[in-house]
Amino acid sequence: MSQPPAPSPAKPPRAVATPCVMVCTVDGASGLCLGCFRTLPEIATWSRMSEEERAKIMGELEGRRGLIDPVLLGG
């Protein structure tokens, strides 16, 4: 009697692209993180978002920089 084939080894989860730079300080006025320019809800749900949702937000991040007082960004 033959044995069923051994299950293939599980693939490790794919890394999720993130703009995080480990500067986790939120600007109260804009509600954006001073390091990555995401909102707290975006940060909290990032790993559960679809790649399309993350890509959309990633495309908006540089424009969000202008919403933060330059003094808070060292400028």
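Coordinates for the structure precede this section.
The notes below deal with the structure included here. All chains use their own residue numbering, which begins from 1 and follows the written sequence. In keeping with the predicted nature of the model, local features appear solely for residues at pLDDT of at least 70, side-chain atom pairs appear and are counted solely at 80 or more, and the whole-chain, interface and lining totals rest on all residues. Values reported for side chains reflect all heavy atoms of the structure, with hydrogen atoms and water molecules removed beforehand.

1. A word on the packing of aromatic side chains
Only Phe, Tyr and Trp rings are paired, with Trp represented by its six-membered ring, and only when their centres lie within 6.5 Å; those with planes under 30 degrees apart are stacked, over 60 edge-to-face, the remainder tilted. Summed over the entire model, instances satisfying the criterion amount to zero aromatic pairs. One Lys or Arg, R38, reaches over the ring of W46 and ends 4.7 Å from the middle of that ring. Note on criteria: charge over ring means Lys NZ or Arg CZ within 6 Å of the ring centre, with the direction from the centre no more than 35 degrees off the ring normal.

2. Brief notes about the side chain of E42
Position of E42 relative to the elements: it lies in helix α1 (residues 40-45). Here the term buried applies to any residue with accessible area under 20% of the maximum for its type, exposed to any over 50%, and partly exposed to those in between, with areas from a 1.4 Å probe on protein chains only. You can call E42 buried: its relative accessible area is 12%. Whenever a nitrogen or oxygen atom comes within 3.5 Å of another N or O atom, the pair is scored as a polar contact, on the condition that within protein one atom can donate a hydrogen and the other can accept it, and that pairs from neighbouring residues in sequence are kept only if both atoms are in side chains. Within the structure, E42 has its side chain in polar contact with the side chain of R64 (distance 2.6 Å). To qualify as a helix, a DSSP run of H or I must reach at least 4 residues; to qualify as a strand, a run of E must reach at least 2; elements of each kind are numbered from the N terminus.

3. Description of the side chain of R64
By the secondary structure assignment, R64 is in helix α2 (residues 51-64). From its side chain, R64 meets the backbone oxygen of F37 in a polar contact 3.1 Å long.

4. Overview of a nonpolar patch on the surface
Residues enter patches when their relative accessible area tops 30% and they take part in no salt bridge; the joining distance is 9 Å for like charges and 5 Å for the nonpolar side chains Val, Leu, Ile, Met, Phe, Trp and Tyr. Where accessible areas are quoted, they stem from the Shrake-Rupley method and a 1.4 Å probe; at the residue level, only the protein chains shown are allowed to cover. When a carboxyl oxygen of Asp or Glu lies within 4 Å of a side-chain nitrogen of Lys or Arg, that pair is called a salt bridge. Side chains of V26, L40 and I43 sit close together on the surface and give an oily, nonpolar patch of about 230 Å² of accessible area. Among the residues examined, L40 registers a relative accessible area of 51% and is labelled exposed.

5. So, the environment of K11
As for its placement among the helices and strands, K11 is situated in the segment before α1. Sequence-wise, K11 and C33 are 22 residues apart; in three dimensions their C-alpha atoms are separated by 33 Å.

6. Here we look at the environment of V16
By secondary structure assignment, the location of V16 is in the segment before α1. Separated by 35 residues in sequence, V16 and E51 have C-alpha atoms that sit 8.4 Å apart. Contacts of V16, omitting those with residues within four sequence positions, involve W46 and R54. Contacts were defined at the residue level, with two residues in contact if any of their heavy atoms lie within 4.5 Å.

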